[in-house]
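Fold and contact review
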Amino acid sequence: MNPENTSLEITKATSSAIGEVDFDNLTFGKYYADHMMVCDYKDGKWQTPKIMPYGPMEMQPSAKVFHYGQAVFEGMKAFKDDDGKVWLFRPEQNFERINKSSKRMAIPEFPKEYFFEALKTLLKFDSKWIKSGDGNSLYIRPFVIATEAGVSASPSNAYRFMIICCPAKAYYSSPVKVTIAQEYSRSADGGVGYAKAAGNYGAQFYPTNLAKEKGYQQVIWTDANSHEYLEEAGTMNVFFRINDKLITAPISDRILDGITRKSIIALAEKEGVEVEVRRIKVAEILEAAKNNELKEMFGAGTAATVAQISGFEFDGTYHELPQVENPYSVHFKKALQDIQYNRAEDPFGWRYAVDI
Ligand code: COI
C-alpha cells in the first residue's frame, strides 16, 4: 500500500516512542524516530525501498558485514526553523559521499531518487521529532551493510541500505581536550581513510580509550608514515588558527572530505579570512603555541558541528590554548547555524527545503 504516492513501499508506525524522549537532555544516538528506511540489494539490483516502523531486524550470523566489515555510513542533520519549516544541509554531498565510500568497499552504488525520496518521506512522517531552536536537530544516519550469508572472504552479493534518525544536540557539550597521535594511525596512503567505512571508526576506539584514560576525549591523527603532519580527529576535521590565519589539512585518500569542513572554508574565505589548506606539521603548532601565536584549534563535523578545542597534549606536555576574544570557532559556528536554521541568507545554496 502506498498512500503517499511515492515509489516507496510504506508501512506506518501505529504508535510513537516520542513520549519517552527527554529532548532537553539528549544522549547522542540513544533514541530513534518512529520510522526507518530499508532497501535490499539482490539479484544485481536495488529493490523497492521500504519505509517501516523503526525496530530490530533478523540477519544470518554468517552475514558478511559481521566478518569482513563491509559497511559504510553517513551523518546528516535536519533542522527546523522558527516557523516550523524543515531543512536539510547540503544533502547531495552526503549522497555523493556515501556512494564514494561504497565504491571503495566494493558495495554497489545507491540510486539518487531512492535516497532523496526516502529522506523526504522519513522527515515528513517523523517531523515532530525535529525540534526547533539552536543546537536541536534530527541526526540522520544512512548506512549500508553486506547481508549475504557466507563467510568466504569476497564481496557480498546482497546488501541492505538503511536510514535511521535520532534527535540530537551537538556531540560535544563543552570544549574538547585532545592528544596528538604519535604511535597509532587512523589511515594510510591508498587506504580507506577518506571513506566513511565503519571500520575506520571502530579501529580508533582502542587508541581513543587510551587517550580518554589520560583525560583527552579525542585523538588528532597524524600521517602514518612520519607522525609529523596533523590530519583529522576521530569524529571531525580539524582547524588551526595561527594569529588570524585559518589552516586545515587538505583532503586526500587518508582524510575525510568533511562537509562542515568545506562549508567553514567557504564561509571564512567569503569573509576575507586568510585560509590555508595545506599540510601542517605538529612542529609548526608547537612553535606557534610557544610564541603565543596559536590562537585556536577547533573541530568541524556534522555531529560535532564546530567543537572548540581547549588544549592539546603532545609528547607528555599539555598545551592549554588561550581564551581569545571573538573566537573563530564561535563566529563560524553561528554563521553556519544561521544558514542551517534559516536565520540568514544562503548565498551558497546549501539549504534544502523539505515539505512536511
Ligand atoms: C558525523 O559527524 O556525522 C560522524 O559521522 C561522526 C560520528 C562518528 C559521530
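Residues numbered from 1 in each chain as written. Predicted model: local features only at pLDDT ≥ 70, side-chain atom pairs only at ≥ 80, totals over all residues. Heavy atoms only, no water.

Some remarks on the site of the ligand
How we decide: One heavy atom within 4 Å of a molecule or strand makes the whole residue count as near it. Pairs of N or O atoms are called polar contacts if they sit within 3.5 Å, as long as, within protein, a hydrogen donor faces a hydrogen acceptor (for residues adjacent in sequence, only side-chain-to-side-chain pairs). In this description, accessible areas are obtained by the Shrake-Rupley approach with a 1.4 Å probe, and a residue is regarded as covered only by the protein chains that are shown. The classification used treats Ala, Val, Leu, Ile, Met, Phe, Trp, Tyr, Cys and Pro as nonpolar, Asp, Glu, Lys and Arg as charged, and all other residues, Gly among them, as polar. Residue ranges assigned to each domain were obtained from an automatic or database domain assignment.
Residues in contact with the ligand, as listed here, are F73, G75, Y139, R141, Y171, K196, Y201, T302 and A303. Measuring from an oxygen atom of the ligand, one finds a backbone N or O atom of T302 at 3.3 Å. Contact distances for the ligand include 2.8 Å between an oxygen atom and a backbone N or O atom of A303. When the ligand sits alone it has 280 Å² of accessible area, and the protein chains cover 91% of it. Broken down by class, the residue content of the shell around the ligand amounts to five nonpolar, two polar and two charged. Two domains share the shell around the ligand, each providing at least three of its residues, namely domain 1 (9-168) and domain 2 (176-340).

Notes on the pairing of strand 19 (residues 317-320)
Put simply, the rule reads: Only strands that DSSP links by at least two bridges are regarded as paired with each other. Put simply, DSSP marks the helices as runs of H or I at least four residues long and the strands as runs of E at least two long, and each gets a number from the N terminus on.
Note: strand 18 (residues 305-314) against strand 19, four bridges, orientation antiparallel. Following the sheet pairing, G311 is matched in strand 19 by E320. Following strand 18, the chain reverses through two residues before pairing antiparallel with strand 19; D315 in that reversal takes a positive phi of roughly 55°.

Concerning the domain arrangement of the protein chain
The following threshold applies: The contact criterion used throughout is that any non-hydrogen atoms of two residues lie within 4.5 Å. By buried area we mean the combined loss of accessible area, with a 1.4 Å probe, across both parts when two parts are placed together.
Split into domains, the protein chain comes out as domain 1 (9-168) and domain 2 (176-340). Distance from the C-alpha centre of domain 1 to the C-alpha centre of domain 2: 27 Å. Taken together, the 22 residues of domain 1 in the interface contact 22 residues of domain 2. Taken together, both faces of the contact between domain 1 and domain 2 bury some 1,900 Å²; the carbon and sulfur share is 61%.

Regarding the packing of aromatic side chains
The condition is simple: A pair of aromatic rings is counted whenever rings of Phe, Tyr or Trp (Trp by its six-membered ring) have centres within 6.5 Å, and the orientation is called stacked for planes under 30 degrees apart, edge-to-face for over 60 and tilted otherwise. The rule is simple: take the accessible area with a 1.4 Å probe, protein chains only, and divide by the maximum for that residue type; under 20% is buried, over 50% is exposed, in between is partly exposed. We count a charge as sitting over a ring when the NZ of a lysine or the CZ of an arginine lies within 6 Å of the ring centre and within 35 degrees of the ring normal.
Enumeration over the complete set of coordinates arrives at 24 aromatic pairs. Aromatic pair F73 and Y201: ring centres 4.8 Å apart, planes at 65°, arrangement edge-to-face. Remark: Y201 occurs in helix 4 (residues 198-213) and F73 occurs in strand 5 (residues 71-73); sequence separation between them is 128 residues. Of the two residues examined, F73 and Y201, each falls in the buried class. Seen from the ring of F23, K131 lies directly overhead, with NZ or CZ sitting 4.7 Å from the centre. When the ring centre of Y229 is taken as reference, the NZ or CZ atom of R279 above it lies at 3.7 Å.

What about the pattern of salt bridges?
Put simply, the test is: Throughout this description, the term salt bridge denotes a Lys or Arg side-chain nitrogen within 4 Å of a carboxyl oxygen of Asp or Glu.
Across all of its chains, the model carries 17 salt bridges by this definition. In this structure, the salt-bridge partner of R97 is E74, at a minimum N-O distance of 2.8 Å. In this pair, R97 sits in helix 2 (residues 91-104) while E74 sits in the loop between strand 5 and strand 6 (76-80), placing the two residues 23 residues apart along the sequence. Given the relative accessible area of 0%, E74 is considered buried. A salt bridge links K334 to D338; its shortest N-O distance comes to 2.6 Å. Taken together, the residues K334 and D338, both in helix 7 (residues 328-340) and four residues apart, mark about one turn of the helix.

Details of the environment of N209
Position of N209 relative to the elements: it lies in helix 4. What makes N209 partly exposed here is its relative accessible area of 41%. In this structure, the C-alpha to C-alpha distance between N209 and V219, residues 10 residues apart in sequence, is 9.6 Å.

Structural notes on the nonpolar core
This is how it is decided: For our purposes a nonpolar core is just a set of buried Ala, Val, Leu, Ile, Met, Phe, Trp, Tyr and Cys residues, chained together by side-chain atoms within 4.5 Å.
Grouped together as the largest cluster of nonpolar side chains are 57 residues, with contacts concentrated most on M37, W46, L123, I140, F161 and I163. In terms of residue count, helix 3 (residues 112-125) provides more of this core than any other element does, eight residues in total. Among the domains, domain 1 (9-168) and domain 2 (176-340) are the pair contributing at least three residues each to this core. Residues contacting F161, with those up to four places away along its chain left out, are M37, V38, C39, W46, I98, F110, F115, P142, F143 and V144. Judged by nonpolar contacts, the second largest core, of 24 residues, contains I247, V282, A307 and I309.

Let's talk about the pairing of strand 11 (residues 218-222)
Under the convention used in this document: The definition of a right-handed crossover adopted here requires that, viewed with the strands pointing away, the path from the first strand over the helix to the second runs clockwise.
Burial analysis of strand 11 places five of its five residues in the buried class, the great majority of the element. Covered by surrounding structure in strand 11 are Q218, I220 and T222 together with V219 and W221, the residues of both alternating faces. The pairing of strand 10 (residues 176-180) with strand 11 spans three bridges and is classified as parallel. Along strand 11, the bridge assignment pairs I180 with I220. Crossover handedness for the path strand 10 to helix 4 to strand 11: right-handed. Where strand 11 meets strand 12 (residues 229-233), two bridges bridge the pair, whose relative direction is antiparallel.

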